[in-house]
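Examining the three-dimensional arrangement
Okay, here's what each chain looks like letter by letter:
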Amino acid sequence: MTAQRQERKGWRPGIAFIGLLAGFGALAGPFFAARAATTEQVIVNRYTDLAIEGYDPVAYFTDAVAELGLPDFETSEAGAVWRFRNEGNRASFVAHPDIYGPRFGGYDPFGLARGVTYAGNPRFWLISADRLYLFGREENRDAFAADPTHFLRAANLLWPALEQDLAQ
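Residues numbered from 1 in each chain as written. Predicted model: local features only at pLDDT ≥ 70, side-chain atom pairs only at ≥ 80, totals over all residues. Heavy atoms only, no water.

1. Quick word on helix α6 (residues 138-146)
Within the sequence span of α6, burial applies to N140, R141 and F144. Viewed along the axis of α6, the buried residues span an arc of 100 degrees, placing them on a single side of the element. Those residues of α6 that are buried are in contact with α5 (109-112), β3 (121-128), β4 (131-135) and α7 (148-167). (Buried < 20%, exposed > 50% of the residue type's maximum accessible area, 1.4 Å probe, protein only. Helix = DSSP H or I, 4+ residues; strand = E, 2+ residues; numbered from the N terminus. Arc of directions from axis to C-beta. Contact = heavy atoms within 4.5 Å.)

Shown next, in the form of C-alpha cells:
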C-alpha cells in the first residue's frame, strides 16, 4: 500500500466518527435546548427557590445598587422566595410586589422583544419608567437603554403568548 493510500485509509474512520458525532449533535441539540429552556413565570433558582438569585428588588430603587438580601428578611410571593436587606424593604415589597418585582418576571426584555425567554442577570439591571428590568448581558441592557420604547413595545406585544407558554 502506498503512503498516500495509507493516509487516506487512516482518515476515513476519523471522518466517519466526526460525521457520526455531528449527526448525534444535530439530533440531540433540540433535546438539550428544550431541557435548558426556562419554565417559570418568575425567574427562580431551582436549587434555592430564590427569586432573582437572592438580590433585594427594593434596593434597586432605594439605593440604586444590586444588593444581596439577607436570609433574616424573606417573604414568599408568586411561588418564589424573595430576600431583602432590611425589614423596611421587605414591607415595601409585600405592600407593592407588582411595583418592586422585576418586569416580565425577571426575563430579559431584549430577548422578549425577539420572542425568546431567557433569564435576566440581577447584576445587569436598569430602571426605566419606574420599573425594574433585568438583562442577560450588559450589551442587551445598553441597547435597551438607548431606545426603551422600541424594545418595550415589542416585548409587551409578545409577552402574553410567551408568558402563557411558560405557564404550561
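2. Some remarks on the packing of aromatic side chains
Under the criterion given, the structure shown has 11 aromatic pairs. Ring centres 5.2 Å apart and planes at 45 degrees place the aromatic pair F84 and F93 in the tilted group. On the basis of relative accessibility, which here comes to 0%, the residue F84 falls in the buried class. Plain terms: the ring middles of Y107 and W159 are 6.0 Å apart, the flat faces sit at 45 degrees to each other, and that makes the pair tilted. (Phe/Tyr/Trp six-rings, centres within 6.5 Å; stacked < 30°, edge-to-face > 60°.)

3. Observations regarding the layout of surface pockets
By volume, the largest pocket is sized at about 250 Å³. V42, P97, G101, P102 and G105 are, among the 16 residues lining the largest pocket, the residues nearest its centre. Every element with two or more residues in the lining of the largest pocket is listed here: α4 (97-100) and α7. Grouping the constituent residues of the lining of the largest pocket by class yields 8 nonpolar, 3 polar and 5 charged. (1 Å grid on protein atoms, 1.4 Å probe; cavity = no way out; pocket = protein on both sides within 12 Å on 5 of 7 lines; lining within 4 Å. Points joined across faces, edges and corners; volume = space filled by probe spheres on them. Nonpolar A, V, L, I, M, F, W, Y, C, P; charged D, E, K, R; others polar.)

4. Concerning the pattern of salt bridges
A complete count under the given rule lists 6 salt bridges for this structure. The partner of R85 in a salt bridge is E67, with the nearest N and O atoms 3.8 Å apart. Placement of the pair is R85 in the loop between β2 (80-84) and α3 (87-95) and E67 in the loop between α2 (59-62) and β1 (70-77), with a sequence separation of 18 residues. You can call E67 partly exposed: its relative accessible area is 23%. Of the charged contacts, one joins R141 and E138 as a salt bridge, the two residues approaching to 3.5 Å between their closest N and O atoms. Placement of both R141 and E138 in helix α6 is noted, with a separation of 3 residues, approximately one turn of the helix. What makes R141 buried here is its relative accessible area of 18%. In this structure E138 comes out as partly exposed when scored by relative accessible area, which is 40%. Residues participating in the shared-partner salt-bridge network are E138, R141 and D142. (Salt bridge = Lys/Arg side-chain N within 4 Å of Asp/Glu carboxyl O.)

5. Structural notes on the confidence of the model for the protein
For the protein, per-residue confidence averages 83 on the pLDDT scale, and 76% of positions sit at 70 or higher. Across residues 15-39, where pLDDT falls below 50, the model places 6 contacts with residues more than four positions away in sequence or in other chains. (pLDDT = per-residue confidence, 0-100.)

6. A few points about the packing of α6 against α7
Look at α6 against α7: their axes get within 5 Å of each other, and the N-to-C directions meet at 105 degrees. As far as their axial angle goes, α7 and α6 are roughly perpendicular. Packed against α6, whose contacting residues are A143, F144, A145 and A146, the element α7 presents P148, F151 and L152 at the interface. (Axes fitted to C-alpha atoms, helices over the stretch in contact; angles between N-to-C directions. Parallel < 35°, antiparallel > 145°, perpendicular 65-115°, else oblique.)

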